[in-house]
Amino acid sequence: SGMPKGQIMERARSMAFTMLALAPLAHAFNCRSMRVSIFQVGISQNIWLWVAVVLSLGIHLVTIFVPELHPVFKTHFLTQQEWIVVIGLSLLPIPVFELYKLAVRRL
């Protein structure tokens with residue numbers, strides 16, 4: 001691409017930082033049960049889990065959307081395409097863990 005190597009690294013760092021912040025938040029819903037599917041347990045029953053996830057997400061988004069914090073956290077605005085990749089990868093633990101739970105139930 002026509003982007004300088006340093007800028008590519010900075011964008012990749014922002015994407016990795018965001019993914020590492022979002023993936024555990026998505027996975028938290030999976031961890032409510034080690035055997036029962038997230039679709040059976042539901043995601044709306046635990047208000048405190050939602051409060052924690054929304055608060056954590058909000059704090060992270062501030063590091064991405066407040067330009068004055070970019071030098072502190074070494075972050076940058078993400079493009080729409082980068083957000084799609086980050087969100088997709090962050091949600092990946094859900095189907096992976098669902099397959100694990102399915103295997104546990106079958107055994």
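Here we summarise the structure given alongside this text. Predicted model, so just to flag it, every value in this text is computed and none were measured. (Residues numbered from 1 in each chain as written. Predicted model: local features only at pLDDT ≥ 70, side-chain atom pairs only at ≥ 80, totals over all residues. Heavy atoms only, no water.)

Observations concerning helix 6 (residues 93-106)
Reasoning step 1: For helix 6, with 14 residues, the first-to-last C-alpha span of 20 Å sits near the 20 Å given by 1.5 Å per residue.
Reasoning step 2: Along helix 6, the residues that are buried comprise Ile-94, Phe-97, Glu-98 and Lys-101. For helix 6, the buried positions fall inside an angular range of 110° around the axis, keeping them on one side. Counted as exposed and oriented over 90 degrees from the buried face of helix 6: Val-96, Leu-99 and Arg-106. (Helix = DSSP H or I, 4+ residues; strand = E, 2+ residues; numbered from the N terminus. Expected span 1.5 Å × (residues − 1). Buried < 20%, exposed > 50% of the residue type's maximum accessible area, 1.4 Å probe, protein only. Arc of directions from axis to C-beta.)

Remarks on the side chain of Thr-63
Reasoning step 1: Among the structural elements, Thr-63 can be located in helix 3 (residues 47-65).
Reasoning step 2: Here Thr-63 falls in the buried class, since its relative accessible area comes to 5%.
Reasoning step 3: Within the structure, Thr-63 has its side chain in polar contact with the backbone oxygen of His-60 (distance 2.5 Å).
Reasoning step 4: Those residues in contact with Thr-63, other than ones at most four positions away along the chain, are Phe-17, Leu-69, His-70, Phe-73 and Thr-75. (Polar contact = N/O pair within 3.5 Å; in protein donor to acceptor, adjacent residues only side chain to side chain. Contact = heavy atoms within 4.5 Å.)

Here we look at the packing of aromatic side chains
Within a pair of aromatic rings, the relevant descriptors are the distance that separates the centres and the angle that separates the planes.
Reasoning step 1: Under the defined criterion, the tally for this structure stands at 5 aromatic pairs.
Reasoning step 2: Here Phe-65 and Trp-83 contribute two aromatic rings whose centre-to-centre distance is 6.1 Å and whose plane-to-plane angle is 15°, an arrangement assigned as stacked. One end of the pair, Phe-65, is in helix 3; the other, Trp-83, is in helix 5 (residues 80-91), with 18 residues separating them in the sequence.
Reasoning step 3: Relative accessible area serves as the criterion here: at 15%, Trp-83 is assigned to the buried category.
Reasoning step 4: Among the aromatic residues, those joined into a ring-pair cluster are Phe-65, Phe-77 and Trp-83. (Phe/Tyr/Trp six-rings, centres within 6.5 Å; stacked < 30°, edge-to-face > 60°.)

Here we look at unusual backbone geometry
Reasoning step 1: A positive phi angle, near 55°, is found at Lys-74, a position not held by glycine.
Reasoning step 2: Looking at where Lys-74 falls in the secondary structure, it is placed in the loop between helix 4 (70-73) and helix 5.
Reasoning step 3: Take Lys-74: its relative accessible area is 49%, and that puts it in the partly exposed class.

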